[in-house]
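Structural characterization, general
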There are 2 protein chains.
Amino acid sequence: MANSRGQSRNTKQLELIWRAVKDDSSHPTADQIYDRVRKKLSHISLGTVYRNLQKLVSDDKLQVLMLGRAQHFDPLVERHQHFICESCDRVFDVMVDRQREIKPAKLPHEGFKVTSHQLAFYGVCKHCSA
Amino acid sequence: MANSRGQSRNTKQLELIWRAVKDDSSHPTADQIYDRVRKKLSHISLGTVYRNLQKLVSDDKLQVLMLGRAQHFDPLVERHQHFICESCDRVFDVMVDRQREIKPAKLPHEGFKVTSHQLAFYGVCKHCSA
DNA sequence: TTATTTGCAAATTGTTTGCAACGGT
DNA sequence: ACCGTTGCAAACAATTTGCAAATAA
């Protein structure tokens, strides 16, 4: 319970999970993270990984990206977009320059309040098109 | 096998499923469609619904939208975007005018070939903000 | 001490598949 | 008759949950 009532504790599990994702821009899934963390703490459970990832998300340290049917975690919380390679499924961060940004406030119909928008690009990455 | 080798057959099930979605812009999920079709053909199975929806998608009669962890089906196949209400989870079609469209070809880094892009708006719909 | 977090296993959700029977063509 | 399609149930994948034991504060 990091964000409601009650104290949050600094557990070894939370710490290891955070270290495993904080500098990773490859957008890993929960069980990719599980595999990594398990190398340091073999008895950790997948449920614990999920619970701690949720906590990091609600503490705004991670963003979730839904791709296909799995959630991917992204430590880059600043505003950015993604490029998804349709050949290898890798996900790349894309910084869209402010000038090109869409003005979502004006787009939908009357009475709809837009608070955010998301843009994703699909194609073939440098690595796969070689 | 509608799109590979072999003939496709016109079954009662396929016909009913198509009728249940073709004029529907509410972006129903597979089991919402299942519920509807079951009223006409009570012994139809969910697997059949999934298989026929897949067929309609590969015949380009439907588009799939992944929202959360469920697929939603959209008979509007022309290029358009979506507005997702964060309060009621309803999905609305948004036609973005061509001039405002982003030019994806120029956005990502060198060596990346962009073939398509998708834009989704999040916010509160007219109905919920009332 | 004591409330939060863990590990484990079982439950859930959404989707796919194997297979014998069914039914278009 | 042939072969695609169906219904059913079981398999699957990703995620969540219940609960008793473990542990941070």
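This is a predicted model, so every value here is computed, not measured.

About the cut-offs
Residues numbered from 1 in each chain as written. Chains lettered and ligands numbered in written order. Predicted model: local features only at pLDDT ≥ 70, side-chain atom pairs only at ≥ 80, totals over all residues. Heavy atoms only, no water. Helix = DSSP H or I, 4+ residues; strand = E, 2+ residues; numbered from the N terminus. Buried < 20%, exposed > 50% of the residue type's maximum accessible area, 1.4 Å probe, protein only. Polar contact = N/O pair within 3.5 Å; in protein donor to acceptor, adjacent residues only side chain to side chain. Contact = heavy atoms within 4.5 Å. Domains from an automatic or database assignment. Buried area = accessible area lost by both parts, 1.4 Å probe. Salt bridge = Lys/Arg side-chain N within 4 Å of Asp/Glu carboxyl O. Nonpolar A, V, L, I, M, F, W, Y, C, P; charged D, E, K, R; others polar.

This part covers the side chain of A:His27. Residues and elements named next belong to chain A. Structurally, His27 can be placed in the loop between helix 1 (12–21) and helix 2 (30–38). Residue classification places His27 among the buried positions, given a relative accessible area of 2%. Here the side chain of His27 touches Asp74 through a polar contact of 3.0 Å, side chain to side chain. Only 3.2 Å separates the side chain of His27 from the backbone oxygen of Val91, close enough to count as a polar contact. Sequence-distant contacts of His27, defined by excluding residues within four places in its chain, comprise Gln32, Leu65, His72, Phe73, Asp74, His82, Val91, Phe92 and Asp93.

On to the domain arrangement of chain A, then. All names here are of chain A. On domain assignment, one finds that chain A holds domain 1 (4–74) and domain 2 (81–129). Tallying the contact residues gives five residues for domain 1 and six residues for domain 2. The contact between domain 1 and domain 2 buries some 500 Å² in all, and 55% of this surface belongs to carbon and sulfur atoms. Counting the surface domain 1 buries against domain 2, the share from its top three residues, His27, Leu65 and Leu67, is 65%. The interface formed by domain 1 and domain 2 includes zero salt bridges. Put simply, domain 1 and domain 2 have four residue pairs in polar contact (both at pLDDT 80 or more) between them. Here the side of domain 1 that touches domain 2 is composed, by residue class, of two nonpolar, two polar and one charged.

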